[in-house]
Amino acid sequence: MELRVTRWKRYGHDRLYANLPDGTAVGWADVRTGEVTVLRAEHRDDVIAVLTQHLQNNVSQVPSDRAPEAEARPMLPPLTSADDLASNPAGKSLSDLLAESGPGLMERVVSRLLRRPTEWDSWRKGLAGERRVGAELNRLTRHGWRVLHSIPLANKVDVDHLLIGPGGVFSVNTKHHHKRAVWVGDDAVRVDYGKPAPYARKSRAEAKRVGRVLEHYCAFPVPVEPVLIFVGVTGLKVVATQLSVRVYQERQVAALAPLSGVLTAEQIEEVYSVARHRQAWRQA
């Protein structure tokens, strides 16, 4: 196994990291003490061998993970499997919430017998919607797009999906309204002509939040567009004239595939490398 070694200096630490070809860190060595820490047991021998060799050589020859001109820009620590959000399935946050706080067997039986709607029903419906939209978004990877799901932010909220590709970055919010009609105006959304819901306003705020995080670490502007995707609706009527949020049904997601001209291939990978890192979002 060929491992790439980079030097990392932050917060008083001076380390050499051994990384897989995809950038995942599998071990590190403290330059001052020479102590080696293995992060992936299956690569233990390779990690020890390559880091020991570099410690014995002149460590100044090891490339830094920061370009000289980017010294002032904040950098994330090397990516580990624990911090890699790329493995998150669609709906992970809701799935975890149901597993931790969902109803027990008796509660489910009683609720079903009484036909009483519960908060858990809303969670399960939301989970189903996120999974359906996630499947549609994953199809776009064949067109050069990158997709992340269930990005955890501060205050126990998350971004349902993040789409990164030639056409830019899209913060995707999923709303599951089974067999309901949805009406979208400039700043209001009504389900079955009920009370206005702040979906558009919240989507715009989320996109700005995402953009601040990405531009904090990327050396170029990263515009983020908000997207609302409605699942299971009987009809979707958009009457907005100045709408700043893209609106689709789940089967219309493919309309995003041909968008281009915003990010280069290199920029896509840089944004994706930041977005997939859990620690980038901890203060978001």
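Residues numbered from 1 in each chain as written. Predicted model: local features only at pLDDT ≥ 70, side-chain atom pairs only at ≥ 80, totals over all residues. Heavy atoms only, no water.

Novice: For this particular structure, what's the right way to read the overall build of the protein?
Specialist: Of the regular secondary structure elements, the protein holds 6 helices and 12 strands. Considering only residue pairs separated by 6 or more positions, the protein has 59% of its internal contacts joining residues 24 or more positions apart. When the accessible surface of the protein is summed, it comes to about 15400 Å², and 50% of that surface belongs to carbon and sulfur atoms. (Helix = DSSP H or I, 4+ residues; strand = E, 2+ residues; numbered from the N terminus. Contact = heavy atoms within 4.5 Å. Areas by Shrake-Rupley, 256 points an atom, 1.4 Å probe, with all protein chains shown as cover.)

Novice: How should I be thinking about the sheet that holds strand E12 (residues 246-249) in this particular structure?
Specialist: What links the strands of a sheet is backbone hydrogen bonding, and the strands pair in either a parallel or an antiparallel sense. Spatially, E5-E6-E7-E10-E12 is the arrangement adopted by the 5 strands of the open sheet, whose pairing is mixed. The sheet terminates laterally at strand E5 (146-152) and E12, the two strands that pair on one side only. Strand-to-strand twist of the sheet, defined as the mean angle between neighbouring strand axes without regard to direction, takes the value 30°. Together, strand E6 (158-165), strand E7 (168-176) and strand E10 (224-231) form the strand contacts of helix H5 (residues 199-217), whose direction differs from that of E10 by roughly 140°. (Pairing = 2+ DSSP bridges. Axes fitted to C-alpha atoms, helices over the stretch in contact; angles between N-to-C directions.)

Novice: How should the side chain of Glu 206 be read in this particular structure?
Specialist: Following the sequence through the fold, Glu 206 ends up in helix H5. Despite its burial, Glu 206 pairs with no opposite charge, the nearest such side chain being Arg 209 at 6.9 Å. Sequence-distant contacts of Glu 206, defined by excluding residues within four places in its chain, comprise Asp 158, Val 159, Ser 171, Val 172 and Asn 173. (Buried < 20%, exposed > 50% of the residue type's maximum accessible area, 1.4 Å probe, protein only. Lys, Arg positive; Asp, Glu negative; His and termini not counted. Salt bridge = Lys/Arg side-chain N within 4 Å of Asp/Glu carboxyl O.)

Novice: Even after reading the chapter, I still don't get the nonpolar core, so can you show me in this structure?
Specialist: The nonpolar side chains of soluble globular proteins are, as a tendency, buried together. One finds Leu 162, Ile 164, Val 169, Leu 214, Val 271 and Trp 281 to be the most contacted residues of the largest nonpolar core, which totals 27 residues. Only E5, E6, H5 and helix H6 (265-275) provide two or more residues apiece to this core. Val 147, Val 231, Leu 256 and Ala 257 belong to the second largest nonpolar core, which has 15 residues in total. (Core = buried A, V, L, I, M, F, W, Y, C linked by side-chain atoms within 4.5 Å.)

Novice: Help me out: how do you make sense of the environment of Ala 265 in this one?
Specialist: If you trace the backbone, Ala 265 turns up in helix H6. On the basis of relative accessibility, which here comes to 52%, the residue Ala 265 falls in the exposed class. Along the primary structure Ala 265 and Gly 165 are separated by 100 residues, whereas in three dimensions their C-alpha atoms are 8.0 Å apart.

Novice: So what exactly am I meant to see when it comes to the packing of aromatic side chains here?
Specialist: Both the distance between ring centres and the angle between the ring planes are used here to describe each pair of aromatic rings. Tallied over the entire structure, the rule returns 3 aromatic pairs. Each ring, one from Tyr 17 and one from Trp 28, has its centre 6.4 Å from the other, and the planes form 35°; the classification is tilted. Here Trp 28 lies in strand E3 (residues 25-30) and Tyr 17 lies in strand E2 (residues 13-19), a separation of 11 residues in the sequence. Neither Tyr 17 nor Trp 28 differs from the other in exposure class; each is buried. Its guanidinium or amino end placed over the ring of Trp 28, Arg 15 lies 3.9 Å from that ring's centre, counting from NZ or CZ. (Phe/Tyr/Trp six-rings, centres within 6.5 Å; stacked < 30°, edge-to-face > 60°. Lys NZ or Arg CZ within 6 Å of the ring centre and 35° of its normal.)

Novice: Looking at this structure, I do not really get the sheet that holds strand E8 (residues 181-184). What am I missing?
Specialist: Spatially, 3 strands are ordered E9-E8-E11 in an open sheet, and the strand pairing comes out mixed. Strand pairing shows two members of the sheet lacking a second neighbour, strand E9 (189-191) and strand E11 (235-238), which therefore form its edges. Here the average twist between neighbouring strands, direction ignored, is 10°. With 3 bridges joining them, E8 and E9 adopt antiparallel strand pairing. Paired with Trp 183 across the strands is Arg 190, a residue of E9.

Novice: Looking at this structure, how should I read the pattern of salt bridges?
Specialist: Opposite charge on two side chains allows them to pair when their charged atoms are near. Going through the model one piece at a time under the given rule, you end up with 10 salt bridges. Between Asp 192 and Arg 180 there is a salt bridge, with the nearest N and O atoms lying 3.6 Å from each other. In this pair, Asp 192 sits in the loop between E9 and H5 while Arg 180 sits in the loop between E7 and E8, placing the two residues 12 residues apart along the sequence. Classification of Asp 192 as partly exposed rests on a relative accessible area of 39%. Of the residues examined, Arg 180 reaches a relative accessible area of 38% and is grouped as partly exposed. Between Arg 246 and Glu 225 there is a salt bridge whose closest N-O contact spans 2.9 Å. Here the residue Arg 246 occupies a position in strand E12, and Glu 225 occupies one in strand E10, the gap between them amounting to 21 residues. Connected through salt bridges with shared partners, the residues Glu 136, Arg 139 and Arg 251 form a single ionic network.

Novice: Any chance you could explain unusual backbone geometry here in plain terms?
Specialist: For residues besides glycine, phi is generally negative; the peptide bonds are generally trans as well. Of note, Asn 155 is a non-glycine position whose phi angle comes to about 65°, a positive value. By secondary structure assignment, the location of Asn 155 is in the loop between E5 and E6. The phi angle at Tyr 193 is positive, at roughly 60°, despite the residue not being glycine. Relative to the helices and strands, Tyr 193 is located in the loop between E9 and H5.

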